[in-house]
2 protein chains.
Amino acid sequence: MNFLQARIRDEGVVKPGNVLKVDSFLNHQMDMALMDQIGAEFHRRFAHKPITKVLTIEASGIAIACAVARCFGVPVVCAKKSRSINIDGEVYTAQIESESHKDSKVVVAKKFITGDDRVLIVDDFLAGGYTLQALISIVEEADATVEGLGIVIEKCFQEGGRRMRNLGYHLESLAMVQSMDAATGEVVFVEE
Amino acid sequence: MNFLQARIRDEGVVKPGNVLKVDSFLNHQMDMALMDQIGAEFHRRFAHKPITKVLTIEASGIAIACAVARCFGVPVVCAKKSRSINIDGEVYTAQIESESHKDSKVVVAKKFITGDDRVLIVDDFLAGGYTLQALISIVEEADATVEGLGIVIEKCFQEGGRRMRNLGYHLESLAMVQSMDAATGEVVFVEE
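Remember, predicted model here, so these are calculated numbers, not experimental data.

With that settled, the discussion passes to the overall build of chain A. Within chain A one finds five helices and 11 strands. Computed over its C-alpha atoms, the radius of gyration of chain A comes to 16 Å, within 12% of the 16 Å expected for a compact globule of 192 residues. The C-alpha extent of chain A, read off along each of the three principal axes, is 50 × 35 × 35 Å. For chain A, buried positions account for 47% of its 192 residues.

So this is what it looks like as structure tokens:
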């Protein structure tokens, strides 16, 4: 059990509908020592890749992306959700194709991802993979390279992670949740 | 001229309507070395305060809050905007009282700010001060102490900063913009 799995076991709260609340250390309140550990761990896992940008999406990916980007010494690019567009000039846009995000678009200014970029995409959760797919399509539209996908918590009982691996992406998830039980509060992780 | 003013002069873009775009290093793309400098500078300016939490609001305050909180060794609490409420349990809410944010609420789970907390509130911009006022009211509703307000860019030609200082808050702004000219692109800073 790694540092993140232990923290989830100690402080995560399982809610009905396979919801895992990690509000006390990852989302609403953020433990900066944990963020630094997360950044260092992703840096270790992708150390052989020539990353030039870390791409994430507002809002809950930002703290994680910052922690990772500091380790690589590269900038963060934070994709905007369409409702908060305040971006001049040429943009890449991608639709998030999930039911729950209907009409949600992801937007990145073209000047911040170019064909030379080698991009590490990071986010807090991976479930259906629709947000990740939108971020990937923006990187590919820019003719940049997706060097890897770094996810803090993957819900392995949903299909997003499997789809990304099948597509050949290098996906690293720090906590791979196999199942959760809202009645007992138990979280079972995939054995690594 | 400090490091931030120099960066604004070099890369900031003035748009009509007193809009200052700092997309290339602060908002949309984020320079992590600059964030670390910002964190260190706020730490220097509030070093004598017994800060226990750094409070900000999604999304563009998060990277700044993380940089500051790392220096103090305390957690970040990230207030949610009402449209993204996904918070269990008891919450503090405050209305943002500006015309442009009509019906916008700020939400913080009660468990993350308590009466013992000594809070440094940080954000990227201060103009009218309505968002800052909502964050302050949440801290005060929690019977916690507002130890300071840390702003990256203050538009001194709007009334928010003056109002905060008149109310007795310790406000530190790293770049105090006196005026901007969209025609020439010039940004004039208040002499410190």
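Let us now look at helix H2 (residues 32–45) of chain B. Here H2 of chain B is 14 residues long and its end C-alpha atoms lie 20 Å apart, about the 20 Å a rise of 1.5 Å per residue gives. Within H2 of chain B, the full set of buried residues consists of Met 32, Met 35, Ile 38, Gly 39, Glu 41 and Phe 42 of chain B.

Two faces, one strand: in a regular strand the side chains alternate between the faces of the sheet. Residue and element names in this part refer to chain B. In this structure, strand E9 (residues 145–155) lies alongside strand E10 (residues 171–180), joined through six bridges in parallel fashion. Counterpart to Leu 149 in the pairing with E10 is Leu 171. Pairing of E10 with strand E11 (residues 187–189) involves three bridges; the strand directions are antiparallel. Among the inter-strand pairings, Met 180 is bridged to a residue of E11, identified as Val 187. A loop of six residues connects E10 with E11, the two strands running antiparallel in sequence, and Gly 185 in this loop sits at a positive phi of about 80 degrees.

Expressed as a screw operation, the relation of chain B to chain A combines 0.0 Å of axial shift with a rotation of 180 degrees, fitting to an RMSD of 0.0 Å. Overall, the copies show the geometry of a two-fold rotation axis. Considering only C-alpha atoms, the part of chain B nearest the rotation axis is Ala 59 of chain B, at 2.5 Å.

Before going further, it helps to examine the interface of chain B and chain A. Each partner contributes residues to the interface: chain B has 23 residues there, and chain A has 23 residues. Looking at the side of chain B that touches chain A, the elements that each hand over two or more residues are strand E3 (29–30), H2, helix H3 (62–72) and strand E5 (76–81) of chain B. A per-element tally of the side of chain B that touches chain A places H3 of chain B first, with five residues. Partitioning the side of chain B that touches chain A into residue classes produces 15 nonpolar, two polar and six charged. Sheet analysis places strand E5 (residues 76–81) of chain A next to E3 of chain B, joined by two bridges and oriented antiparallel.

Locating Phe 125 of chain A in the fold gives a position in strand E8 (residues 118–126). Residues Phe 125 of chain A and Leu 20 of chain A lie 105 residues apart in sequence; the distance between their C-alpha atoms is 9.8 Å.

Every α-helical turn comprises 3.6 residues, leaving residues that sit three or four positions apart pointing alike. Along H3 of chain B, 11 of the 11 residues are buried, which leaves the element largely enclosed by surrounding structure. If you check which residues of H3 of chain B are buried, you get Ile 62, Ala 63, Ile 64, Ala 65, Cys 66, Ala 67, Val 68, Ala 69, Arg 70, Cys 71 and Phe 72 of chain B.

On to the packing of helix H2 (residues 32–45) of chain A against helix H3 (residues 62–72) of chain A. All names here are of chain A. Closest axis-to-axis distance for the H2/H3 pair is 8 Å, and the angle between their directions is 55 degrees. Overall, the two elements H2 and H3 adopt an arrangement that is oblique. Here H2 and H3 pass one another in a crossing that is right-handed. Seen from H2, the contacting residues are Met 35, Asp 36, Ile 38, Gly 39, Ala 40, Phe 42 and His 43; seen from H3, they are Ala 63, Ile 64, Ala 67, Val 68, Arg 70, Cys 71 and Phe 72. Partitioned by chemical class, the residues of the contact of H2 with H3 number 10 nonpolar, two polar and two charged.

Taken over all residues, the pLDDT of chain A has a mean of 94, while the share at 70 or more is 94%. Interface confidence for the predicted complex, given as ipTM, is 0.95, next to a pTM of 0.96.

The subject of this paragraph is the environment of Ile 64 of chain B. Residues and elements named next belong to chain B. In this structure, Ile 64 sits in helix H3. The spacing of Ile 64 and Ile 38 is 26 residues in sequence and 7.3 Å in space, taken between C-alpha atoms. For Ile 64, the contacting residues outside a window of four places in its chain are Met 35, Ile 38, Thr 56, Val 122, Asp 124 and Val 152.

With that settled, the discussion passes to the packing of H3 of chain A against H3 of chain B. Interaxial distance between H3 of chain A and H3 of chain B falls to 9 Å at its minimum, and their mutual angle equals 55 degrees. When the axis of H3 of chain A is compared with that of H3 of chain B, the two are oblique. Read as a crossing pair, H3 of chain A and H3 of chain B show a hand that is right-handed. Contact residues: H3 of chain A offers Ile 62, Ala 63 and Cys 66 of chain A, while H3 of chain B offers Ile 62, Ala 63 and Cys 66 of chain B.

Inspection of the secondary structure puts Met 32 of chain A in helix H2. When the C-alpha atoms of Met 32 of chain A and His 43 of chain A are compared, they prove to be 16 Å apart, with 11 residues separating the residues in sequence. For Met 32 of chain A, the residues in contact, after removing those within four places along its chain, are Cys 66, Ala 69, Arg 70, Pro 75 and Val 76 of chain B.

Rules and cut-offs
Residues numbered from 1 in each chain as written. Chains lettered and ligands numbered in written order. Predicted model: local features only at pLDDT ≥ 70, side-chain atom pairs only at ≥ 80, totals over all residues. Helix = DSSP H or I, 4+ residues; strand = E, 2+ residues; numbered from the N terminus. Rg over C-alpha atoms; globule rule 2.2 N^0.38 Å. Buried ≥ 20, exposed ≤ 12 C-beta atoms within 10 Å, placed from the backbone. Expected span 1.5 Å × (residues − 1). Pairing = 2+ DSSP bridges. Least-squares fit on C-alpha atoms with pLDDT ≥ 70 in both. Contact = placed C-beta atoms within 7 Å. Nonpolar A, V, L, I, M, F, W, Y, C, P; charged D, E, K, R; others polar. Axes fitted to C-alpha atoms, helices over the stretch in contact; angles between N-to-C directions. Parallel < 35°, antiparallel > 145°, perpendicular 65-115°, else oblique. Left-handed = near helix turned anticlockwise from the far one by under 90°. pLDDT = per-residue confidence, 0-100.

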